[in-house]
Amino acid sequence: ASNTCVASALSNKSIVIFDSTSGQVTRRIEKAHDGPISQVSFFPCEYGSEGNAHQNNNNHSPLLISASQDGTVKVFDLRTNSSSSAITTKMALPNEQALCVSLGYGGTLAAVGTSKARVSFLDLRYSSGTNPTGALMGSYVDAHTEEVTQVRFQSVSNASGQTKTVLATASEDGLLSVYDPSQPSEDAALLSTLNIGAPLRHIGFFGPNNEGICALTGNETMSVWHWDSAQKVSDVGGMGLRGLLSDAVGKSGFGVEGSSVEYLVGCTWANANCDQDAQQSPSDSKALHLLAGNSEGDGYLFRMDADHITPLRHLKGGHRGCIRDFCWVDNGMGGQRLVTGGEDARLCEWDLSGTSSAPSLTSNHKMGSGKVKQVKRDDASKKKGKKKKFGSPY
């Protein structure tokens, strides 16, 4: 079955669940938190599958985790009609905000980046037939000196095919650290530290074995690294990246006169054509892509190769303001569609199949009051920022 639900955190502190198949809002959690919501994520579908604890007919995870600047992390059970959380965990320090969250090890462990430069871990395991409590298990306290803005669990593999789970953390201090959380101490867990040199806003693993990591900063720059060796692969244009992207759009022919890229949204390792055969190996057609935009609501999707930037799609006519986030959903035919959320309180779903540079807008849904701060597909294991110039929403 397709995984087509999207969770969206709005600026009015509510969470909305959207089904891209029906084009309808299926659930709204009003006043989910007392403060701005930093991040939302669905649990993996297999979470709690022992004893069919969370089996459901739609193959959608019924559990959602959210982090908030009110200092709490909450788990919501979407099978109930209640807006109350099934689990609420308060951060340990006074006035400590939860700025980002990621689920690892099948959803049994949550990592939370906080405003006190800490990465805290929540225990979400089932044991002896009891429900998880979300108890704090401990924290990494030496990695960063400023706010932790991104945490990301990722399954990686080496040349011999051995896999393990790593955790990447990124901060306002400009450092990106990668850990092996299975190790008993923070010092033993540290695998590498990358000095990006500017406050970090978005990170993403890429490559056939997830051996690479891309980093986007509050200065609207992008760099790519081999994380295990802590070696920088490319600065990707440095401070002139937006100019390079704008020039590429102008030369491509699908940008209007004077169109420009003003901010970066995020990077993704994906097949942006989204029309591959369902039996094809996913790694055969994937590449590193960058989504960028401008204050007029236009979005631009680029393929980022080692020696070339290729504009692929112009996302036009959907948004009326800055794009805040994006995710992929299944299109039901072995491919994917792109969902974007913006400051105009709209979720837009884009069909990227075919050869046209202007993808069709399959749905444009007004989420009501509140700006869309983040969108998340229902089976992802997938922003906080500050206002910048040049129309950036961060």
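Structure's up top.
In this text, all values refer to a predicted model and were calculated from it rather than measured experimentally. All residue numbers refer to position in the chain's written sequence, counted from 1. Under the rules for a predicted model, residues below a pLDDT of 70 receive no local features and side-chain atom pairs below 80 are neither given nor counted, while totals for whole chains, interfaces and linings still include all residues. Hydrogens and waters are ignored; side-chain quantities use all the structure's heavy atoms.

Asker: What is the right way to look at the packing of aromatic side chains in this model?
Answerer: Pairing of aromatic rings covers Phe, Tyr and Trp, the last counted by its six-membered ring, and requires centre-to-centre distances within 6.5 Å; plane angles under 30 degrees mean stacked, over 60 mean edge-to-face, and any other angle means tilted. Scanning the model with the defined rule gives 8 aromatic pairs in all. Ring geometry for Phe-121 against Tyr-140: centres 4.9 Å apart, planes inclined by 75°, an arrangement best described as edge-to-face. With Phe-121 in strand S10 (residues 119–123) and Tyr-140 in strand S11 (residues 135–140), the pair connects residues that are 19 residues apart, well separated along the chain. The residues Phe-121 and Tyr-140 share a single accessibility class, namely buried. With a centroid separation of 6.3 Å and 45° between ring planes, the pair formed by Phe-206 and Trp-269 is classed as tilted. Placement of Phe-206 in strand S16 (residues 200–206) and of Trp-269 in strand S20 (residues 263–270) is noted, with a sequence separation of 63 residues between them. The way it works is that DSSP assigns letters per residue, a run of H or I at least four long becomes a helix, a run of E at least two long becomes a strand, and they are numbered from the N terminus. With a 1.4 Å probe rolled over the protein chains alone, any residue whose accessible area is under 20% of its type maximum counts as buried; one over 50% counts as exposed, and the rest are partly exposed.

Asker: Is there a simple way to explain the pattern of salt bridges in this structure?
Answerer: As a working rule, side chains carrying opposite charge can pair if their charged atoms are close by. A pair is scored as a salt bridge if a Lys or Arg side-chain nitrogen falls within 4 Å of a carboxyl oxygen belonging to Asp or Glu. Using the criterion set out here, one finds 11 salt bridges in the structure. Note that Arg-201 is salt-bridged to Glu-220, the shortest N-O span being 3.4 Å. One end of the pair, Arg-201, is in strand S16; the other, Glu-220, is in the loop between strand S17 (212–217) and strand S18 (222–226), and 19 residues separate them in sequence. Exposure remark for Glu-220: the relative accessible area of 3% places this residue in the buried category.

Asker: I keep staring at the state of the cysteines and nothing clicks. Help me out?
Answerer: Linking two cysteines covalently via their sulfur atoms produces the bond known as a disulfide. Any two cysteine sulfur atoms within 2.5 Å of one another count as a disulfide. Summed over all chains, the structure comprises 1 disulfide. The disulfide partner of Cys-214 is Cys-267, and the S-S distance across this bridge is 2.0 Å. One quick way to see it: the torsion about the S-S bond of Cys-214 and Cys-267 is about 80°, and its sign makes the bridge right-handed. With a gap of 53 residues between them, Cys-214 in strand S17 and Cys-267 in strand S20 connect regions that are remote in the sequence. For the pair shown, Cys-214 and Cys-267 are each scored as buried. The thiol sulfur of Cys-45 is not disulfide-bonded, and the nearest other cysteine sulfur, from Cys-5, lies at 9.7 Å.

Asker: Honestly, the nonpolar core in this entry has me stumped. Any pointers?
Answerer: It is characteristic of soluble globular proteins that their nonpolar side chains tend to be buried jointly. Here, the term nonpolar core denotes a set of buried Ala, Val, Leu, Ile, Met, Phe, Trp, Tyr and Cys residues that are joined through side-chain atoms within 4.5 Å. The biggest cluster of nonpolar side chains holds 20 residues, and the ones touching the most others in it are Met-222, Leu-245, Leu-264, Leu-288 and Phe-302. Where this core is concerned, the elements lending two or more residues are S17, S18, helix H2 (241–252), S20, strand S21 (287–293) and strand S22 (299–305). Here this core takes 4 residues from H2, the largest share from any one element. Not counting the four nearest positions on each side in its chain, Leu-288 is found in contact with Phe-206, Cys-214, Met-222, Val-224, Cys-267, Thr-268, Trp-269, Phe-302, Arg-303 and Met-304. Residues are treated as being in contact if the distance between any of their heavy atoms lies within 4.5 Å.

Asker: Just checking my understanding: could you explain H2 for this structure?
Answerer: Since one α-helical turn is 3.6 residues long, residues separated by three or four positions face the same way. Each residue after the first adds 1.5 Å to the expected span of a helix. Its 12 residues give H2 an end-to-end C-alpha distance of 16 Å, which sits within 8% of 16 Å, the value for a rise of 1.5 Å per residue. Within H2, burial applies to Leu-241, Arg-242, Leu-245, Ser-246, Ala-248 and Val-249. Considered in projection along H2, the buried side chains sweep an arc of 160° and stay on one side of the axis. Those residues of H2 that are exposed and aimed more than 90 degrees away from the buried face are Gly-250 and Lys-251. Of the residues flanking the end of H2, it is Gly-253, one or two places downstream, whose phi is positive at about 95°. The arc in question is formed by the directions pointing from the helix axis toward the C-beta atoms.

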